Amino acid sequence: GSSAVWTGQRMIIFGGVRDDERVFGRTMIYDIENDEWSFFDGGPARYDHTAVWTGDDMIVFGGRGRGHALRNDVWILKNALSSPVWEEMIKNSESSTVPEKRSNAIAAYDKDDDQMLIFGGNGIGKVVNNDLWVLKDAKKDRVNKETFWRQLFPRGETPPIREDFAGVYNEKDTLVIFGGEMKKGRRGLLNDTWKLIFTDDGDNNDDDDKPKTPANV
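Residues numbered from 1 in each chain as written. Predicted model: local features only at pLDDT ≥ 70, side-chain atom pairs only at ≥ 80, totals over all residues. Heavy atoms only, no water.

Once that is clear, we can look at the overall build of the protein. What the protein contains, in helices and strands, is zero helices and 17 strands. Out of the 217 residues belonging to the protein, those deemed buried represent 48%. At a minimum sequence separation of 6, the contacts of the protein that also span at least 24 residues come to 41%. (Helix = DSSP H or I, 4+ residues; strand = E, 2+ residues; numbered from the N terminus. Buried < 20%, exposed > 50% of the residue type's maximum accessible area, 1.4 Å probe, protein only. Contact = heavy atoms within 4.5 Å.)

Let us look at the sheet that holds strand S3 (residues 23-31). With antiparallel pairing, four strands are arranged side by side in an open sheet as S1-S2-S3-S4. With one partner strand each, in any of the chains shown, strand S1 (3-6) and strand S4 (36-40) form the two edges of the open sheet. Neighbouring strand axes in the sheet, compared pairwise and without regard to direction, differ in orientation by 20° on average. When S3 meets S4, the two strands line up antiparallel, connected through five bridges. In the strand pairing of S4, Tyr-30 is matched with Trp-37. (Pairing = 2+ DSSP bridges. Axes fitted to C-alpha atoms, helices over the stretch in contact; angles between N-to-C directions.)

For the protein, per-residue confidence averages 87 on the pLDDT scale, and 88% of positions sit at 70 or higher. Scored below 50 in pLDDT, residues 202-217 makes 40 contacts in the model with residues more than four places away or belonging to other chains. (pLDDT = per-residue confidence, 0-100.)

The next subject is the nonpolar core. Counting 17 residues, the largest nonpolar core has Ile-59, Val-74, Met-89, Met-116, Ile-118, Leu-135 and Trp-149 as its most contacted members. Counting only elements with at least two residues in this core, the list comes to strand S6 (58-64), strand S7 (70-78), strand S8 (85-90), strand S10 (106-110), strand S11 (115-123) and strand S12 (128-136). In this structure, Ile-106, Tyr-169, Leu-175 and Ile-177 belong to the second largest nonpolar core, which totals 14 residues. (Core = buried A, V, L, I, M, F, W, Y, C linked by side-chain atoms within 4.5 Å.)

What the four strands build is an open sheet, ordered S5-S6-S7-S8; its pairing is antiparallel. Both outer strands of the open sheet, strand S5 (50-53) and S8, are each paired with one neighbouring strand and no more. For this sheet, the mean angle separating the axes of adjacent strands, direction not counted, is 25°. When S6 meets S7, the two strands line up antiparallel, connected through six bridges. What sits directly across from Val-60, in S7, is Trp-75.

What follows covers the pairing of S7. Every other side chain in a regular strand lies on the same face of the sheet, so the side chains alternate between the two faces. The buried fraction of S7 is high, at seven of nine residues. Counted between consecutive antiparallel strands, the loop separating S6 from S7 contains five residues, among which Gly-67 sits at a positive phi close to 75°. Linking two consecutive strands that pair antiparallel, namely S7 and S8, is a turn of six residues; a positive phi of about 50° is found at Asn-79 within it.

We now examine unusual backbone geometry. Leaving glycine aside, a negative phi is the common case for residues, and trans is the common case for peptide bonds. Even without a glycine there, the phi angle at Asp-35 is positive, about 50°. Along the polypeptide, Asp-35 turns up in the loop between S3 and S4. On the basis of relative accessible area, Asp-35 is assigned to the exposed category, the value being 57%. Despite not being glycine, Asp-164 shows a phi value in the positive range, around 55°. Note that Asp-164 resides in the loop between strand S13 (148-152) and strand S14 (166-170). Residue classification places Asp-164 among the partly exposed residues on the basis of a relative accessible area of 40%.

Further remarks concern the packing of aromatic side chains. In this structure the tally under the stated criterion is six aromatic pairs. Aromatic pair Phe-14 and Trp-86: ring centres 4.6 Å apart, planes at 45°, arrangement tilted. Of this pair, Phe-14 sits in strand S2 (residues 10-17) while Trp-86 sits in strand S8, and the two are 72 residues apart along the sequence. Exposure remark for Trp-86: the relative accessible area of 11% places this residue in the buried category. For the pair Tyr-169 and Phe-198, a centre-to-centre distance of 5.5 Å together with 90° between the ring planes defines the contact as edge-to-face. With Tyr-169 in strand S14 and Phe-198 in strand S16 (residues 189-198), this residue pair connects regions lying 29 residues apart in the sequence. Each member of the pair, Tyr-169 as well as Phe-198, carries the same accessibility label: buried. (Phe/Tyr/Trp six-rings, centres within 6.5 Å; stacked < 30°, edge-to-face > 60°.)

Laid out in structure tokens, this is it:
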């Protein structure tokens, strides 16, 4: 239920559930060069969330918090390599303008456009999702520059619903996802692979600046 990101210098592990079922918000940082661990509390109690590394900060979305309740808030670990501090970016919300509360989704960070992508996951009522959202201006100053969510509706066929799957984003503007579960049990397991390609169709409209084209591979 924990998350981990690699900074290029350190591994940052966050959250999880203890043996006694307590959810905690501890941050653990491993310095591989000096073979040293450091620990600090202060983050939100969380597990089965997503986490991405932006190059400076770690951004966490959703998951389950205290009482195992689903969440859709966004937190950022600022100054992660120097003087790390947690800050809430977007509060837990029932609004339809943000992704539904969920766990076991995947997240990926597009550094060229400073945006975080969220796909799939297990939502309210144990409903498994296959929706795609983008958090624009993901690492910008939250005081001086607006940060907002937007749901994306790619052209082409949409991957089936899933949770507990893998996903990566590469330098060729492609999100690749693999496997997961449509429902609990062996018959719900998946081993398909999909890619979401970010293409430029020449449209200069700011609201549709990077049309998305998914393709099954």
